[in-house]
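Listed below are the residues making up each chain.
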Amino acid sequence: KKGFTKNICPACLKNRLHFDRAFAPCIYDGVIKDLIHEFKYKNKEHLGLPLSEIMSGFIKEYSLPIDYLDLIIPIPLHKVRMREREFNQAQVLSGHLALEFNKPLLKDTLRRLRHTKTQTELNLNQRWLNVKGKVKIYSWLMMC
């Protein structure tokens with residue numbers, strides 16, 4: 001197992017991020033990429049369980065500090081995107097993870113302010129600009 005500090009993305013080192021860490025349990029390619037596309041774009045909500053099992057297995061295998069998390073908050077979809085996809089994939093995954101690790105799930109804490117174009121064909125810089133300022137945290141959460 002490699003130390004996490006050695007695997008920091010160079011682009012992440014240059015940007016001031018508003019979170020401590022991010023991990024990827026898989027390389028986004030091949031079968032995993034196909035499964036994620038089926039899940040997100042082809043209304044295959046049932047794939048949320050096996051995908052979340054991959055995530056929880058990774059968390060357990062690498063002893064990620066999930067005990068320090070107070071809660072899990074999925075990123076919301078804009079109502080336009082919700083109509084297109086019919087369910088929020090982040091909410092499905094986070095729901096499974098919340099159950100697996102016995103963490104509260106706060107589904108209505110964030111609100112998508114504006115509809116953004118899909119990120120699938122944007123480069124890294126365009127992705128940052130596409131989502132900048134698009135999600136609002138309700139003020140009561142900030143006071144907790």
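Residues numbered from 1 in each chain as written. Predicted model: local features only at pLDDT ≥ 70, side-chain atom pairs only at ≥ 80, totals over all residues. Heavy atoms only, no water.

Residues with a pLDDT of 70 or more make up 78% of the protein, whose mean pLDDT is 81. Low confidence marks residues 138-144, where pLDDT is under 50. Its contacts with residues over four positions away, or in another chain, come to nine contacts. (pLDDT = per-residue confidence, 0-100. Contact = heavy atoms within 4.5 Å.)

A separate point is the layout of surface pockets. Computed from the structure, the second largest pocket encloses a volume of approximately 170 Å³. In terms of lining, the second largest pocket is formed by Pro74, Pro76, Leu77, Met82, Asn88, Gln91, Lys107, Asp108, Leu110, Arg111 and Arg112. Broken down by element, the residue count for the lining of the second largest pocket peaks at three residues, all from strand β1 (residues 110-112). Within the lining of the second largest pocket, the residues separate by chemical class into five nonpolar, two polar and four charged. (1 Å grid on protein atoms, 1.4 Å probe; cavity = no way out; pocket = protein on both sides within 12 Å on 5 of 7 lines; lining within 4 Å. Points joined across faces, edges and corners; volume = space filled by probe spheres on them. Helix = DSSP H or I, 4+ residues; strand = E, 2+ residues; numbered from the N terminus. Nonpolar A, V, L, I, M, F, W, Y, C, P; charged D, E, K, R; others polar.)

Once that is clear, we can look at the packing of helix α2 (residues 30-41) against helix α3 (residues 48-61). For the pair α2 and α3, interaxial distance at closest approach is 10 Å and the crossing angle is 135°. Considering the angle they form, α2 stands oblique to α3. Note on packing geometry: the crossing formed by α2 with α3 is left-handed. Contacts between α2 and α3 involve Ile32, Leu35, Ile36 and Phe39 from the first element and Gly48, Leu51 and Ile54 from the second. When grouped by side-chain class, the residues that make up the contact of α2 with α3 number six nonpolar, one polar and no charged. (Axes fitted to C-alpha atoms, helices over the stretch in contact; angles between N-to-C directions. Parallel < 35°, antiparallel > 145°, perpendicular 65-115°, else oblique. Left-handed = near helix turned anticlockwise from the far one by under 90°.)

Interhelical geometry of α3 versus helix α5 (residues 89-100) gives an angle of 50° and a closest axis separation of 9 Å. With respect to each other, α3 and α5 are oriented oblique. By crossing handedness, the relation of α3 to α5 is classed as right-handed. Along its contact with α3, which presents Gly48, Leu49, Leu51, Ser52, Met55, Ser56 and Lys60, the element α5 presents Val92, Leu93, His96, Leu97 and Glu100.

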